[in-house]
Structures are given as C-alpha cells and as structure tokens.
Amino acid sequence: MRYHALYYNYAGGVVAINRENIFLVNGHSNDYWGWGNEDDDFNARTEASGLLLTRPPENIGRYKMVRHQKQWRADNGNDLFLTWRSRWKTDGLNSLDSSKYSVTSKHDLKLYTNISVDLGPPPLEIPNVSNVTKESIFWFLAYYFP
C-alpha cells in the first residue's frame, strides 16, 4: 500500500501530540462546524508555535483513511481558515465553555486516552469573519504549495 499526504502541510486523519504541545497550540478551533479546513487551521497553529509536523517512514507507520461520506461542507471554512492567525490564541482550549458539551465516555488506553463528547447541535450563527484580518492569497498558495 502506498500512502502519500494530500499536500505538504496536510494534518488531517491521524495526529499524535503530547499534552504540553496541545496546550501550546491552544488545541483545535471551536469555530469549525461541518467538514473543511479545521485540520489546516490546526497545522497552521502548530507551525506558528514552532512545532514541526513529521511523518514516520512508510515502512514504520502509515494509515489509510476509511472512505466516508462527509456530512456537509462548512459554508465559511475557507474564509475562517484565512483568519486563523487572528483567532488561534483566543479560540481553542482556552475558550471552551463546559456548559455547552458533555463527556459521554472516557477510555484510558496504553498510548492515549479516548474521550468522546456530545457537542450538541451546531450554532445557529456562523462566526463573522468579514472584519478580521485575513491571510493573503500569496500566503494561502505558499501554505499549500511550499
């Protein structure tokens, strides 16, 4: 089986990160609902924090994504991603509101802890990013095609 990342900065699928570093990058954004760009946002945070995304050689570690139907494409995914730099320090672990989710299960395993949560329904309003500084198209192209 041959596996190649979709693009250089691809951080979707399987990611392992330790506790110290997940807090360093402020976790994942809480603003993405639906499918699209949440993994790119997370990778941009890791790079901005000085962390490096690495992959083991194919003979040591690889995975194949299980084919699945994406529930829905987020309407504002690309626009939201282009504002990651202005949001990442305030949108993530430090902005979780524990009244808006509930832990449904927790399993301590050898290499990780699997915590499942119920987030409830998506918000009725999507974040307004029209007045936030956005990355340029040149940054966008350099990000995906370094």
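Figured I'd write up the structure that's included with this text.

### What about the overall build of the protein?
Turning to step 1, where the next piece is worked out: When helices and strands are counted, the protein shows five helices and two strands.
Turning to step 2, where the next piece is worked out: Reading the protein from its N terminus to its C terminus gives the helix and strand order α-α-α-α-β-β-α.
Turning to step 3, where the next piece is worked out: Every one of the 146 residues in the protein was classed for burial, and the buried ones make up 26%.
Turning to step 4, where the next piece is worked out: A fraction of 76% describes how many contacts in the protein between residues 6 or more apart in sequence connect residues 24 or more apart.
Turning to step 5, where the next piece is worked out: Summing over all exposed atoms, the protein offers an accessible surface of approximately 10900 Å²; the carbon and sulfur share of this is 55%.

### Some thoughts on the pattern of salt bridges
Turning to step 1, where the next piece is worked out: On inspection of all chains with the given rule, the structure shows six salt bridges.
Turning to step 2, where the next piece is worked out: Of the charged contacts in the structure, one is a salt bridge between Arg87 and Asp41, with a shortest N-O distance of 2.5 Å. Taken together, the residues Arg87 in helix 4 (residues 84-87) and Asp41 in helix 2 (residues 38-48) connect sequence positions 46 residues apart.
Turning to step 3, where the next piece is worked out: Residue classification places Arg87 among the buried residues on the basis of a relative accessible area of 9%.
Turning to step 4, where the next piece is worked out: As a salt-bridge pair, Asp91 and Arg45 come within 3.7 Å of each other at their nearest N and O atoms. Placement of the pair is Asp91 in the loop between helix 4 and strand 1 (102-108) and Arg45 in helix 2, with a sequence separation of 46 residues.
Turning to step 5, where the next piece is worked out: Residue classification places Asp91 among the buried positions, given a relative accessible area of 6%.
Turning to step 6, where the next piece is worked out: By sharing partners, the salt bridges in this structure join Asp41, Arg45, Arg87 and Asp91 into a single network.

### Remarks on the nonpolar core
Turning to step 1, where the next piece is worked out: By size, the foremost hydrophobic cluster in this structure holds nine residues: Tyr32, Ala44, Leu80, Phe81, Trp84, Trp88, Val129, Tyr143 and Tyr144.
Turning to step 2, where the next piece is worked out: Elements with a contribution of two residues or more to this core: helix 3 (77-81) and helix 5 (137-144).

### Section: helix 2
Turning to step 1, where the next piece is worked out: Along helix 2, eight of the eleven residues are buried, which leaves the element largely enclosed by surrounding structure.
Turning to step 2, where the next piece is worked out: Where helix 2 is concerned, the buried positions are Asp39, Asp40, Asp41, Phe42, Asn43, Ala44, Arg45 and Thr46.
Turning to step 3, where the next piece is worked out: Packed against the buried residues of helix 2 are helix 1 (19-24), helix 3, helix 4 and helix 5.
Turning to step 4, where the next piece is worked out: Just downstream of helix 2, Gly50 is the residue with a positive phi angle, here 85°.

### Focus: the side chain of Ser29
Turning to step 1, where the next piece is worked out: In this structure, Ser29 sits in the loop between helix 1 and helix 2.
Turning to step 2, where the next piece is worked out: From its side chain, Ser29 meets the backbone nitrogen of Asp31 in a polar contact 3.0 Å long.
Turning to step 3, where the next piece is worked out: A polar atom in the side chain of Ser29 sits 2.4 Å from the side chain of Asp91.
Turning to step 4, where the next piece is worked out: With sequence-adjacent residues up to four places away left out, Ser29 is seen in contact with Asp41, Arg45, Arg87 and Asp91.

### Examining unusual backbone geometry
Turning to step 1, where the next piece is worked out: The backbone phi angle of Asn26 is positive, close to 65°, even though this residue is not glycine.
Turning to step 2, where the next piece is worked out: Here Asn26 lies in the loop between helix 1 and helix 2.

### Side note on the packing of aromatic side chains
Turning to step 1, where the next piece is worked out: All chains considered together, the criterion is met by three aromatic pairs.
Turning to step 2, where the next piece is worked out: With 6.5 Å between their ring centres and 45° between their planes, Trp84 and Trp88 make a pair best called tilted. In terms of burial, Trp84 and Trp88 fall into one category: buried.
Turning to step 3, where the next piece is worked out: Taking the centre distance of 6.1 Å and the plane angle of 35° together, the rings of Trp84 and Trp139 count as tilted. Of the two residues, Trp84 is situated in helix 4 and Trp139 in helix 5; the sequence distance between them amounts to 55 residues.

Rules and cut-offs
Residues numbered from 1 in each chain as written. Predicted model: local features only at pLDDT ≥ 70, side-chain atom pairs only at ≥ 80, totals over all residues. Heavy atoms only, no water. Helix = DSSP H or I, 4+ residues; strand = E, 2+ residues; numbered from the N terminus. Buried < 20%, exposed > 50% of the residue type's maximum accessible area, 1.4 Å probe, protein only. Contact = heavy atoms within 4.5 Å. Areas by Shrake-Rupley, 256 points an atom, 1.4 Å probe, with all protein chains shown as cover. Salt bridge = Lys/Arg side-chain N within 4 Å of Asp/Glu carboxyl O. Core = buried A, V, L, I, M, F, W, Y, C linked by side-chain atoms within 4.5 Å. Polar contact = N/O pair within 3.5 Å; in protein donor to acceptor, adjacent residues only side chain to side chain. Phe/Tyr/Trp six-rings, centres within 6.5 Å; stacked < 30°, edge-to-face > 60°.

Scope: geometric values only; no functional claims are made or implied.
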